[in-house]
Each structure stands twice: as C-alpha cells, then as structure tokens.
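Chain by chain, the residues:
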Amino acid sequence: MLRRAFRYRFYPTPQQAELLNRTFGCVRYVYNRALAERTRAWYTEQRRVTYAQTSAMLTEWKRDPELAFLHEVSSVPLQQALRHLQAAFTAFWDKRAGYPRFKAKKHGRQSAEFTRSAFRWREGKLTLAKMSEPLDIRWSRPLPEGAEPTTVTVSRDAAGRWFVSILVETLPASPHEVGVDAGLTALVTLSTGEKVTNPRCERRDRDRLARAHRALARKQKGSKNREKARLKVARIHARIVDRRRDLLHQLTTRLVRENQTVVIEDLSVRSMVKNGRLARAISDAAWRELRAMLEYKCRWYGRHLVVVDRWLPSSKTCSACGHLLDTLPLHVRKWTCPSCGATHDRDVNAARNILAAGRAVTACGDGVRPQRSTPSGQSSVKQETQPARVGLPRL
C-alpha cells in the first residue's frame with residue numbers, strides 16, 4: 001500500500017488562525033532550541049544528541065513556567081518538529097543535505113504536522129486538536145474512495161494563504177485491466193468498448209486565437225497596447241492548455257483508479273507531428289502528456305503500466321480469432337473478419353488487441369516492451385496518422 005498527499009486550500013476562522021499561528025510559533029521555537037542544543041553539544045563537548053534526548057528536553061521545557069505557552073497548543077506538532085530535525089541531521093550525516101538551519105519567524109512558509117492522535121476525521125470533515133470546529137476546506141478534488149488520512153500538515157505561505165496537505169493510503173488492488181488505443185476522432189478508445197470524445201481544445205478557440213494574434217501584430221513594439229494584446233494571446237493559450245489538461249487528468253485518474261493494469265501503445269509522437277496534414281490535430285490531442293500522466297499516476301497508486309510495441313498490427317488483427325488482414329484502409333472504420341465472421345469497430349478492436357499484447361508482455365515478465373529499431377521501408381508513426389492513400393482519416 002502506497003501513500004500519497006493531497007493538498008487543498010482552506011479558510012480558517014479568526015480563532016483557528018490564531019491557534020495555528022501560535023502552533024507555528026511553538027513549532028519554530030522547539031525546532032530552533034533543539035537545534036541550538038545539539039549544535040552546542042557537538043562544538044563544546046563533541047557529543048551527538050539523539051532524538052530521544054531532545055524529546056526529554058521538550059518535557060523539561062514544558063515544566064518551565066516561562067514556557068507555559070507550549071501547553072496552549074497540541075503536543076503532536078512539537079514532537080513532529082523534533083522528528084523533522086532528526087531527519088535533517090540524518091540527511092546531513094549521509095551527505096545528502098547541508099547542516100540544518102534555523103527556522104525564520106517572519107518570512108517564508110510556516111507549517112505544522114499533525115498525526116492521527118491530533119486530528120479527527122469524520123464524514124469528510126477534518127478537525128484539528130484543540131479546535132471545536134472543522135476546517136473550511138475547499139475540496140478541489142475528492143480524496144480516494146475509502147481513504148483514511150494518516151498525517152495532516154497545515155501550512156501558511158508568504159502570501160498569507162492557508163493550505164492543508166492530507167496524506168492517505170492509496171487504493172487497494174483492482175481485478176480489472178484495460179487496453180487504450182489513442183486516436184483523433186476519439187481521444188482514446190478502451191478495450192471495454194468505451195470511447196472518449198476528443199474535445200479538440202485548440203480548434204474551439206482557433207478563431208479567437210487568430211484574431212488575437214492579428215491584433216498583436218498591429219501593435220507598436222514596446223507600447224502598452226502591445227503588452228495588453230500579448231497578455232490576451234497568452235490568456236487564450238492558457239485557457240486551451242487548462243481545458244486540455246483538466247480532461248487528461250480526469251481521464252487518466254479514472255483509468256488508474258479503476259484498473260490494476262493499463263496497456264498503451266509505444267507511440268512516437270515526435271515522428272507523427274512531421275505529418276503536416278495532421279500535426280496540429282496530433283499536438284492538440286496531447287498523447288505524450290497522456291502517457292506521462294499515466295506513468296506517474298500508476299506509480300502513485302501502485303498500478304502497472306504496460307507499453308507494447310508500436311508495430312503491433314492492432315487494427316488489422318481480428319481480436320476474436322487472430323486473423324490478420326493484408327490491408328485495412330484508413331477510411332474503413334468497421335470491418336468483418338473473413339475467417340470467423342466477427343464484426344469489429346476499428347478502434348475497439350485495436351484496443352482489445354493492445355490489451356491482449358499487454359497480457360502477453362506481462363506473462364513474459366517484461367514491464368515495458370523495449371522499442372525496436374525502425375524496420376526498413378516503414379515510418380516510425382502510428383498507422384492511423386500516416387497520410388492515407390485512399391483518403392484522410394476523419395478528425
């Protein structure tokens with residue numbers, strides 16, 4: 001079982017903000033004083049102070065009447081500060097980081113970490129120790145179904161914004177697996193028969209983008225109006241990127257959550273975009289970003305991503321009996337197998353063959369099928385994106 005952190009913004013009440021600010025101050029005080037004690041012990045006595053010894057020091061500090069403010073906050077963040085200091089020294093001794101530094105009071109990010117004993121999680125609401133009300137969290141995305149927080153880190157950045165990072169255990173193993181065929185008419189087609197429509201984000205704003213570029217070209221260089229026009233172009237591009245990325249995140253997250261194994265083709269997007277007729281549509285589909293998201297999300301959730309050979313004749317092979325057609329023109333979207341009589345949707349059939357190839361790769365013990373050198377006389381592109389001899393594919 002893997003763990004993953006989900007970060008959200010929240011808006012504390014004045015009482016919660018005051019308590020958290022006191023907590024940040026106490027955490028900073030404990031961390032800095034423990035660091036000072038460990039530094040003094042080494043330079044004056046050549047003695048290393050352990051985490052257990054600093055924990056005992058914290059107990060003594062709390063007995064000092066002048067440090068009564070340490071009792072006003074939860075003890076868990078204070079103890080976690082000592083653990084973080086120990087981790088910083090371990091990294092320093094292993095030569096993975098520099099010597100631990102003191103925490104600043106006014107500048108930079110302030111944070112405090114709460115473990116299970118210092119917060120309450122009920123019905124999707126988070127309440128920290130010594131608080132009577134739950135945090136007003138803006139749930140920009142849901143936590144994994146059935147996930148239970150193990151650690152909560154509250155932070156405030158230099159701009160005064162409040163964030164909570166919730167560490168949860170990832171999903172249990174799933175019995176399902178899926179093959180994914182990337183395309184242009186449908187962004188992806190799954191071996192289950194589902195097709196995800198290509199939103200064509202760039203095409204939807206193409207006219208607006210062209211007008212904005214023409215307006216930018218007419219502005220005098222160095223003028224304020226040119227800067228305004230440049231900003232307008234940048235905003236249109238950002239709108240396109242945001243819409244595309246949001247769709248890809250939703251799609252890849254769903255695929256990874258629902259399936260233990262995801263099988264895709266090893267597409268050479270760099271070679272595909274050399275096709276002048278389809279380069280714009282291929283770039284808009286963002287297949288490379290789709291694969292990148294699947295790769296890191298499979299690592300997050302403990303899933304398997306299998307990449308099969310791009311030269312697999314997935315469209316021309318009957319997924320029912322294995323019969324291989326000699327040719328299959330690009331304009332043919334449905335075909336009937338001459339051997340077994342099964343009728344196939346071109347993309348669904350390809351996705352099922354990709355899944356079958358992925359199972360074979362997994363059975364052989366290969367995580368990812370290595371790329372082959374380009375066979376003579378072939379271009380290293382997906383068949384569906386090559387210039388068609390009998391007509392272009394529908395976009």
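- By the naming in an unreviewed UniProt entry, the chain goes by Transposase and is assigned to Carbonactinospora thermoautotrophica.

Comments concerning the UniProt feature "domain: Cas12f1-like TNB" (unreviewed entry) in the chain
Right, so step 1: Under the UniProt annotation, "domain: Cas12f1-like TNB" (unreviewed entry) lies at residues 287-354.
Right, so step 2: In residues 287-354, the share of helix is 35% and the share of strand is 16%. The end C-alpha atoms are 16 Å apart.

Here's the deal with the sheet that holds strand β5 (residues 137-138)
Right, so step 1: If you walk across this open sheet you meet the 5 strands as β2-β6-β7-β1-β5, and the pairing is antiparallel. The sheet terminates laterally at β2 (110-115) and β5, the two strands that pair on one side only.
Right, so step 2: Sheet topology note: the strand β1 (residues 3-10)/strand β7 (residues 162-169) ladder contains 7 bridges and is antiparallel. Paired with Phe6 across the two strands is Ile166, which belongs to β7.
Right, so step 3: Sheet strands touched by helix α1 (residues 14-45): β1, β2, β6 (149-156) and β7. Its angle to β2, the strand with the most contacts, is close to 95 degrees.

Looking at the nonpolar core
Right, so step 1: Formed by 71 residues in total, the largest nonpolar core has its most connected members in Leu126, Leu128, Val154, Val164 and Trp287.
Right, so step 2: Tallying contributions element by element places α1 first for this core, with 10 residues.
Right, so step 3: Two domains each put at least three residues into this core: domain 1 (3-169) and domain 2 (177-364).
Right, so step 4: For Leu128, the residues in contact, after removing those within four places along its chain, are Leu20, Phe114, Ala118, Phe119, Leu135, Val152 and Val154.
Right, so step 5: Core analysis: the next-biggest nonpolar cluster, separate from the first, contains 8 residues, Cys201, Ala212, Ala229 and Ile240 among them.

The rules behind each value
Residues numbered from 1 in each chain as written. Predicted model: local features only at pLDDT ≥ 70, side-chain atom pairs only at ≥ 80, totals over all residues. Heavy atoms only, no water. UniProt positions renumbered as here; feature names shortened; annotations may be inferred. Helix = DSSP H or I, 4+ residues; strand = E, 2+ residues; numbered from the N terminus. Pairing = 2+ DSSP bridges. Contact = heavy atoms within 4.5 Å. Axes fitted to C-alpha atoms, helices over the stretch in contact; angles between N-to-C directions. Core = buried A, V, L, I, M, F, W, Y, C linked by side-chain atoms within 4.5 Å. Buried < 20%, exposed > 50% of the residue type's maximum accessible area, 1.4 Å probe, protein only. Domains from an automatic or database assignment.

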